[in-house]
Amino acid sequence: MSVRVGVVTFPGSLDDRDALRAIRLAGAEPVPLWHGDKWLADVDAVVLPGGFSYGDYLRCGAIARFSPAMESVIDGARNGLPVLGICNGFQVLCEAHLLPGALIRNAERRFVCRDQRIRIERSATAWTAGYDDGQELVIPIKNIDGGYVADQPTLDALEAEGRVVARYLDTNPNGSYRDIAGICNEAGNVVGLMPHPEHAIDQLTGPSADGLGFFSSVLTSSFLTSMVGA
Amino acid sequence: MTATRRRTPLDTVQVAESSPEQSQPYAELGLARDEYARIKEILGRRPTSSELAMYSVMWSEHCSYKSSKVHLKQFADKKPAKAAGEKDILLVGMGENAGVVDVGNGQAVTFKIESHNHPSYVEPYQGAATGVGGIVRDILTMGARPIAVLDSLRFGAAEAADTARVLPGVVSGVGGYGNCLGLPNIGGELVFDPSYLANPLVNALCVGVLPADGIKLAKAEGPGSLVVLFGARTGGDGIGGASVLASASFEREGERKRPAVQVGDPFAEKVLIECCLEIFAADLVSGIQDLGAAGLSCATTELAAAGTGGMHIDLDLAPLRDETLAPEEILMSESQERMMAVVTPDNLEAFLKVCAKWDVTATVLGTVTDGDRLVMRWHGETIVDVPPRTLAHEGPVYRRPLRRPYDQDALNGEHGNGLPRPRTGEQLRATALKLVTSPNLADKSWVTDQYDRYVQGNTVLAQPEDAGMVRLPGPDGEDSDVGIAVSVDGNGRYCRLDPYAGAQLALAEAYRNVAVTGARPLAVTNCLNFGSPEDPAVMWQFAEAVRGLADGCQQLGIPVTGGNVSFYNQTGTTAILPTPVIGVLGVIDDVNRRTPMALRTDGAQLYLLGETRDEFGGSEWAHVAHGFLGGRPPAVDLERERLLADVLINASRDGLVDAAHDLSDGGLFVALAEACLRGLAGVRLVVPEGIDPFVFLFSESAGRAIVAVPRTEEVRFTDMCTARGLPAQRIGVLDILEAGIEVQGQFRIPMAELRVAWAATLPALFG
């Protein structure tokens, strides 16, 4: 039986269908999930996609985290369910306190869409197991609130515990502290990522196919089994 | 300090009948005296203030096309003949919200361009944002999922102080709205010219895809069907002149300034799009119209006029954002993110259920009736009782006087042949750098990096490529290999010198840009930006441009499917450069075969297709080097354009070229620089014998492109050009190690120097 990976659509989600496509291409069974449903359809992993949930009018991700689907995602995440938050999904994970810190307006105060070089800093997560530590990727970035911030002790702890999953190379596109492009929780099953790996799945529509690894990593991840019975 | 409003009493039909002599502010609403007289004649009485509001907006230039109609007719009259046995690809033509083109496989594509110029000057962010929102709703209304946007932007001189106010706002408005809707922005234009200083042009194009049998039309048919208003609540934005009707006066110190510019809420529109697509998929509406210019006035009259003819509306049921709005204001409000649907009673429950799922407010306002009157009531009293066709279709039509501008001959006579030209290698090098760094030709990524080009995951080509290209979903919803390509182009300077030729040159450039990618051009949309139609010289420019465009489309065999006219683009009495912006849509059978612009393949031969003549009238060189505009624009040869397109499309299909790039503003050198910078390869260029290096490098002769031909395909490619009679000249070779552009015997510019110069201009201007 193939691994079932769900993608939660919130009102204002934009990259949900793109995430479903990437999951399919990686060889998993994509499962669309609706924000209003508590039931997660027995999925083995969840992606919170990019977009502007609820218009991001209050604070990015601030309303989405209170949706019925998120109640189940939060419960699952605390019990080892692999969860990947991309862009707006990263913001939702921070708002839900599954990840520390916050994402604020880009340093240049403008939306930025560009092909970004990043480096995988930690392959020991549910979503990066298919990469090598130090591997460099080119993945599109597109956000206006992508600046990762946290207080110094939190940043130091993230570094010390090896929880910085990816870092920007060349130009830091949004003013993120310590060039942080992605982080994970202590267990490594929950990853928040500002770049969009679902837009780097083939040479036809993306700058590379470097992003596919995030979606294929979860298929063979040891995190899948650890969550059985949770 | 309270802002109490003294209202005029409700002006019902009954009141209007009993007070025929009451004076009405028709002139303040922009109606001419004879137009007002005609309204009285149609109604057999004076209009109520609500009716007057409706006529004033529906008969405005913007909604009625009263000055342009007689000219635009040519697009239909000169519709290209289709070859015998050939299927008509045009499923919906002019007159609907947007044209629809059959792209095969049971799939259709709809696209249209529209202006939002004046609002974008007053309030750059919201003006541009709602411009995007409006055109997206037009596409949605056809039953289509919007799949891409393009934006064609024109501003005053790049260094002008006001450009620094307007441009960043417009760009973040286009981006803010489109990004939030999840629509990839795949192309457009950015042009600077002093004539647009107090009148920027913000033209937005949207493309959508739909099942060929799923087209929705704006008509209210079937008496008993329900008229449902859904989406955002109606507020006081965009009301403009209607306030003179609603309030006799304002308390002085409490005067309320209503926003004349609409305010956009992209999140509401995103939800509305998904809600509509779910409604369309379940086939729950028999007619649909978006609320754009003239809001409810336009939606109700157009739906009724195109359908059975009768409609009854209880206007007081419209959900309001501001409970103090008077009926006249509700009728004219241009609040965004609203739609009106016609739903049969048995579908209503399902319709409302989908709306509830998406948290979209939906309200039954009335019903379709079997009469031929549009009747509106306000708390039970009749305030509108009109024949809807008199508003929607039978507005005034003007044949405005035309006159060739007095300075036209002088302008054409000042050919500029005496302008000093660079001669030495060093001078040519300086000219090359000057052009590449000029705001019109410099790197545009300061702008385009603010647009999401990836969302939806189907973008195959995006700016700075010649055309944007997106992959279409197949009929089963899976990714197909079929794609569409779109380009928008315009050239106000060429049009100023010769509006007939200028319009054709813009058409030819958009057509060429589509063909360069390997897509076959299919259809045309246009946004005609001009000064005041009351100025005979402007009207002449307009008439000439339309004639040129209609003739050009006929000759190229691609129909005009729709578009938009924007008049009164002027500062004081000075009109902008006449600026028809042309969008061309093409189809490619296999997106994997697309031809990109980037020069990458080491050793590939560089060919110049077409002929280069000494043509600098209206050129970027004359503008940048001498601030000069005069002479004649480059010669138009549409048969040559067709031939060039055929060669480019075949070369793409058969894999004969690795890269191709259109030659336009700035000529060969600029095109080459763009293609090299995109692909990181250098080029060694040879100036062919018998041509002046300056002309070779910078002339703007039309009908040309450069292609990179791998050595293995060289014979096949040149044989094809020879067989078809297309001039093709080998002018150089790609060299990965060269890391620069070397024009042999003249000059060399290292890639690094070129890139820094090219990329620095816009950030230096706009931060």
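See the structure shown above.
These figures come from a predicted structure and were not determined experimentally. (Residues numbered from 1 in each chain as written. Chains lettered and ligands numbered in written order. Predicted model: local features only at pLDDT ≥ 70, side-chain atom pairs only at ≥ 80, totals over all residues.)

Q: Report on the overall build of chain B, specifying residues and quantitative values.
A: In terms of helices and strands, chain B carries 26 helices and 30 strands. Reported as C-alpha extents along the three principal axes, the dimensions of chain B are approximately 85 × 55 × 50 Å. The buried share of chain B, taken over its 767 residues, is 59%. (Helix = DSSP H or I, 4+ residues; strand = E, 2+ residues; numbered from the N terminus. Buried ≥ 20, exposed ≤ 12 C-beta atoms within 10 Å, placed from the backbone.)

Q: If you had to explain the overall build of chain A to someone new, which residues and values would you point to?
A: For chain A, the helix and strand inventory stands at six helices and eleven strands. A compact globule built from 230 residues should have a C-alpha radius of gyration of about 17 Å, and chain A, at 16 Å, falls within 12% of that. Expressed along its principal axes, the backbone C-alpha trace of chain A runs to roughly 45 × 35 × 35 Å. Considering only residue pairs separated by 6 or more positions, chain A has 76% of its internal contacts joining residues 24 or more positions apart. (Rg over C-alpha atoms; globule rule 2.2 N^0.38 Å. Contact = placed C-beta atoms within 7 Å.)

Q: Could you give me a rundown of the interface of chain A and chain B, with the residues and numbers involved?
A: Every contact between the two is made by 23 residues of chain A and, on the other side, 25 residues of chain B. Elements represented by at least two residues in the side of chain A that touches chain B include exactly α1 (16–26), β6 (112–120) and β7 (136–143) of chain A. With three residues, β6(A) is the single largest residue contributor to the side of chain A that touches chain B. When its residues are assigned to classes, the side of chain A that touches chain B shows ten nonpolar, six polar and seven charged. (Nonpolar A, V, L, I, M, F, W, Y, C, P; charged D, E, K, R; others polar.)

Q: Give a detailed account of the packing of helix α23 (residues 667–679) of chain B against helix α26 (residues 751–766) of chain B, specifying residues and quantitative values.
A: Residue and element names in this part refer to chain B. It is the contact of α23 with α26, at a shortest axis distance of 11 Å, that shows an interaxial angle of 105°. Here α26 runs roughly perpendicular to α23, going by the angle between their axes. Judged by residue contacts, Ala673, Cys676 and Leu677 of α23 engage Met751, Leu754, Arg755 and Trp758 from α26. A per-class count over the contact of α23 with α26 returns six nonpolar, no polar and one charged. (Axes fitted to C-alpha atoms, helices over the stretch in contact; angles between N-to-C directions. Parallel < 35°, antiparallel > 145°, perpendicular 65-115°, else oblique.)

Q: Give a detailed account of helix α7 (residues 124–141) of chain B, specifying residues and quantitative values.
A: Look at α7(B): 26 Å from first C-alpha to last across 18 residues, which is about the 26 Å you get at 1.5 Å a residue. The buried count for α7(B) comes to 18 of 18 residues, which makes it a mostly enclosed element. (Expected span 1.5 Å × (residues − 1).)

Q: Tell me about unusual backbone geometry, and name the residues and values.
A: When glycine is set aside, most residues are seen to have a negative phi, and most peptide bonds are trans. Cis geometry is adopted by the peptide bond preceding B:Pro464, which originates at B:Gln463 and carries an omega value of 5°. Examined against the element boundaries, B:Pro464 turns out to sit in the loop between β16 (459–461) and β17 (468–473). A positive phi angle is found at A:His97, which is not glycine, with a value near 60°. Mapped onto the elements, A:His97 comes out in the loop between α3 (88–95) and β5 (102–104).

Q: Outline the pairing of strand β12 (residues 338–343) of chain B, listing residues and values.
A: Residue and element names in this part refer to chain B. Of all six residues in β12, six are buried, a share of seventy percent or more. Residues of β12 alternate between two faces, with Arg338, Met340 and Val342 on one and Met339, Ala341 and Val343 on the opposite face, all of them buried. Sheet topology places strand β8 (residues 226–231) next to β12; six bridges connect them, and they run antiparallel. Bridging across to β12, valine 228 finds its partner in alanine 341. Two strands pair when backbone bridges link them, and strand β10 (residues 287–290) and β12 are joined in this way by four bridges, in the antiparallel orientation. Across the sheet, aspartate 290 pairs through a bridge with methionine 339, a residue of β12. (Pairing = 2+ DSSP bridges.)

Q: Hey, could you go over the sheet that holds strand β30 (residues 747–750) of chain B for me, with residue numbers and the actual values?
A: All names here are of chain B. In space, the seven strands of this open sheet follow the order β25-β27-β24-β28-β26-β29-β30, with mixed pairing throughout. What marks the edges here is a single partner per strand, and that holds for β25 (659–662) and β30. Mean inter-strand twist for the sheet, computed between neighbouring axes without regard to direction, equals 20°. Where strand β24 (residues 605–609) meets strand β27 (residues 705–709), five bridges bridge the pair, whose relative direction is antiparallel. From the neighbouring strand, leucine 606 faces β27, where its bridge partner is alanine 708. Across the sheet, helix α22 (residues 638–653) is in contact with β24, β25 and β27; its angle to β27 comes to roughly 25°.

Q: Describe in detail the environment of B:Gly586, supporting the description with residues and values.
A: Residue and element names in this part refer to chain B. Within the secondary structure, glycine 586 is located in strand β23 (residues 579–588). The spatial distance from the C-alpha of glycine 586 to the C-alpha of methionine 469 is 9.1 Å, given a sequence separation of 117 residues. Leaving out residues up to four positions away in the same chain, glycine 586 has contacts with Ile484, Ala485, Val514, Ala519, Arg520, Pro521 and Leu522.

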